[in-house]
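Chains, contacts and geometry: an overview
Next come the chains, spelled out residue by residue.
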Amino acid sequence: MLDRQYDKFNVRNVCLFAIAFVPVSKIFLLPSIMAHYAFSDMWISALCNVLLDMLTLFCAVSLWKRYRGKDFYDILSESLGTPAAKIVYALYFFYFILKAYSPITEQKIYVERTLYESTTTVLTFLPFFVLSAYIASKKIFVLGRLADIMFMFTVAGMLLLFVLAFSNTDFAAVLPIGVNGAQKIAKGAFASFSWFSDGIYFFFLMGRVIPEKKAYVRILPCFAFAGLLVVFFMLMFYGAFSVLAPRQEFALTEIAKYSVSVNNIGRFDYVAVFFLLFTGAVSMTLPLYFATECFVRFFHLKNKLWTAVAINAVMFAIIYLLAPFIDTAMRLVTGYFGWFFLLMGYVLPIFTLFLRGEKHEEKNES
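Model, not experiment: these values are computed from the prediction.

What follows covers the overall build of the protein chain. When its secondary structure is counted, the protein chain shows 16 helices and zero strands. The long-range share in the protein chain, meaning contacts at least 24 apart out of those at least 6 apart in sequence, stands at 87%. Put simply, the protein chain shows about 15,500 Å² of open surface, and 69% of that area lies on carbon and sulfur atoms.

Take the packing of helix H1 (residues 11-21) against helix H9 (residues 216-241) next. Packing of H1 against H9 brings their axes to within 8 Å, and their N-to-C directions diverge by 10 degrees. As summarised for this structure, H1 and H9 are arranged roughly parallel, according to the angle between their axes. On H9, the residues touching Val 11, Arg 12, Val 14, Cys 15, Ala 18 and Ile 19 of H1 are Arg 218, Ile 219, Cys 222, Phe 223, Phe 225 and Ala 226.

Right, let's get into the nonpolar core. In terms of nonpolar packing, the biggest core is built from 131 residues, with Phe 72, Tyr 92, Phe 96, Ile 104, Phe 202, Phe 204 and Phe 290 touching the most fellow members. Among the elements that make up this core, the one with the highest residue count is H9 (16 residues). Sequence-distant contacts of Phe 202, that is, excluding residues within four places in its chain, are made with Val 14, Leu 57, Ala 60, Val 61, Trp 64, Val 209 and Ile 219.

We now examine the confidence of the model for the protein chain. When pLDDT is averaged along the protein chain, the result is 88; 90% of the residues meet or exceed 70. Note that pLDDT drops below 50 for residues 1-7; the model gives that stretch 14 contacts with residues more than four away or on any other chain. The model gives residues 359-366 a pLDDT under 50, and that stretch makes 22 contacts with residues more than four places away or in other chains.

A word on the environment of Lys 187. Mapped onto the secondary structure, Lys 187 falls in helix H8 (residues 182-191). Considering only alpha carbons, one finds Lys 187 and Thr 334, 147 residues apart in sequence, at a separation of 9.3 Å.

A few words now on a nonpolar patch on the surface. A contiguous nonpolar patch, built from Leu 55, Phe 58, Ile 350, Phe 351 and Phe 354 and spanning about 490 Å² of accessible area, is present on the exposed surface. Counting only elements with at least two residues in the nonpolar patch, the list comes to helix H3 (42-66) and helix H16 (338-351).

It is worth spelling out the packing of aromatic side chains at this point. Enumeration over the complete set of coordinates arrives at 44 aromatic pairs. On the numbers, 6.3 Å between centres and 75 degrees between planes, the contact of Phe 9 with Phe 17 is edge-to-face. An identical accessibility class is assigned to Phe 9 and Phe 17; each is buried. Taking the centre distance of 6.1 Å and the plane angle of 85 degrees together, the rings of Phe 125 and Phe 129 count as edge-to-face. On the basis of relative accessibility, which here comes to 7%, the residue Phe 125 falls in the buried class. Judged by its relative accessible area of 4%, Phe 129 is buried. Residue placement shows Lys 26 over the ring face of Phe 196; its charged tip is 5.3 Å from the ring centre.

Moving on, we come to H9. The end-to-end C-alpha separation of H9 is 38 Å, in line with the 38 Å expected for 26 residues at 1.5 Å each. After H9 finishes, the residue Ser 242 shows a positive phi value of roughly 50 degrees.

Enumeration over the complete set of coordinates arrives at eight salt bridges. Linking Glu 293 and Arg 208 is a salt bridge whose minimum nitrogen-to-oxygen distance equals 2.8 Å. Of this pair, Glu 293 sits in helix H13 (residues 286-299) while Arg 208 sits in the loop between H8 and H9, placing them 85 residues apart in sequence. The class of Arg 208 is buried, set by a relative accessible area of 8%. What you see here is one network of salt bridges that share partners, running through Lys 26, Lys 99 and Asp 198.

A word on the side chain of Asn 10. Structurally, Asn 10 can be placed in the segment before H1. Among the polar contacts listed, one links the side chain of Asn 10 to the backbone nitrogen of Asn 13, at a separation of 2.9 Å. Apart from the residues lying within four places of it in its own chain, the contact partners of Asn 10 are Val 209, Ile 210 and Glu 212.

A word on helix H12 (residues 269-283). For H12, built from 15 residues, the straight-helix expectation of 21 Å at 1.5 Å per residue is met to within 8% by its first-to-last C-alpha distance of 21 Å. Taken together, the buried positions of H12 are occupied by Asp 269, Ala 272, Val 273, Leu 276, Leu 277, Thr 279, Gly 280, Ala 281, Val 282 and Ser 283.

Now for the packing of helix H6 (residues 126-136) against helix H14 (residues 305-321). One way to put it is that H6 packs onto H14 with a least axis distance of 8 Å and a crossing angle of 150 degrees. Between H6 and H14, the crossing angle belongs to the class labelled roughly antiparallel. In the packing of H6 onto H14, the handedness of the crossing is right-handed. Residues Leu 126, Phe 129, Ser 132, Ala 133 and Ala 136 of H6 form the contact with H14, whose participating residues are Ala 308, Val 309, Asn 312, Met 315, Phe 316 and Ile 319.

Scoring rules and cut-offs
- Residues numbered from 1 in each chain as written.
- Predicted model: local features only at pLDDT ≥ 70, side-chain atom pairs only at ≥ 80, totals over all residues.
- Heavy atoms only, no water.
- Helix = DSSP H or I, 4+ residues; strand = E, 2+ residues; numbered from the N terminus.
- Contact = heavy atoms within 4.5 Å.
- Areas by Shrake-Rupley, 256 points an atom, 1.4 Å probe, with all protein chains shown as cover.
- Axes fitted to C-alpha atoms, helices over the stretch in contact; angles between N-to-C directions.
- Parallel < 35°, antiparallel > 145°, perpendicular 65-115°, else oblique.
- Core = buried A, V, L, I, M, F, W, Y, C linked by side-chain atoms within 4.5 Å.
- Buried < 20%, exposed > 50% of the residue type's maximum accessible area, 1.4 Å probe, protein only.
- pLDDT = per-residue confidence, 0-100.
- Patch = residues over 30% accessible without salt bridge, like charges linked within 9 Å, V, L, I, M, F, W, Y side chains within 5 Å.
- Salt bridge = Lys/Arg side-chain N within 4 Å of Asp/Glu carboxyl O.
- Phe/Tyr/Trp six-rings, centres within 6.5 Å; stacked < 30°, edge-to-face > 60°.
- Lys NZ or Arg CZ within 6 Å of the ring centre and 35° of its normal.
- Expected span 1.5 Å × (residues − 1).
- Polar contact = N/O pair within 3.5 Å; in protein donor to acceptor, adjacent residues only side chain to side chain.
- Left-handed = near helix turned anticlockwise from the far one by under 90°.

Quick look at the structure:
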């Protein structure tokens, strides 16, 4: 049965978790990738993925309502049996490892190419993995405490970028809507699956979230707000650069670069950039955090520390071993692996709606 020490994550934490960490993992290299596939309709591709994430979150919240007090592993064990639960958790372990690769790699590239004037070394990005291992070794309420603080930096950083970039954004550049066709929009959505599917996190939070009334009407709108920040960022990014958008590798520092305020005052946009790097550093740790959770639950381990260290060490090795082959690796992530992300991030969550087992309903819950 669930260790009640974990039950310090409430609905408010979930809402702030979504706002703090969902948008910031999608504003580094992803906009240029989506512009490469969907061009002026890249924001529609992003909107499609946000709607899919909302569906995943709806499935998770529905399951949480029906099986309140149990975590995802217990629900799977009760409904499908322990072997099936282990298989699902093993698949999600690999899913989170793969999901971690793209955002961590892009932030590594961003930091090394834009924030360092001298040549970087293999140790330059090591502090991130130290932070990641530390967070992954902690109980889940730590994520709630971080979200309580960091959502303010995410909102402030995004809004500041929007304000600075607004005067240089030609919203007519995205017209006519849908001109690139459904196929390119679908390709843009498919290529970005590893950056999205954040609704899946709630499946691994559900046993730790304290039941509260009207959870639906609080969680879903907050997640939608976080998703719409991403959609609006994509729209403004293409509006700022139009046909040149696929060549703008680092959207975060490029979108407000030509603002009148920036030209007159200096790189004032770096205030927003550092706000988003701050929250982004924690956001990038989330897949490795939940990979650790899956591994610990699969083997019923009591201590997470060494598991967290080992998983982050493996990820560190993967990132640097694949560094010379970054283009090939990213093509795999945005291509063939997209089917795996589709299955684990969207298809399997829908099937959880059909799970049957002992239910824990309470009156007056909504």
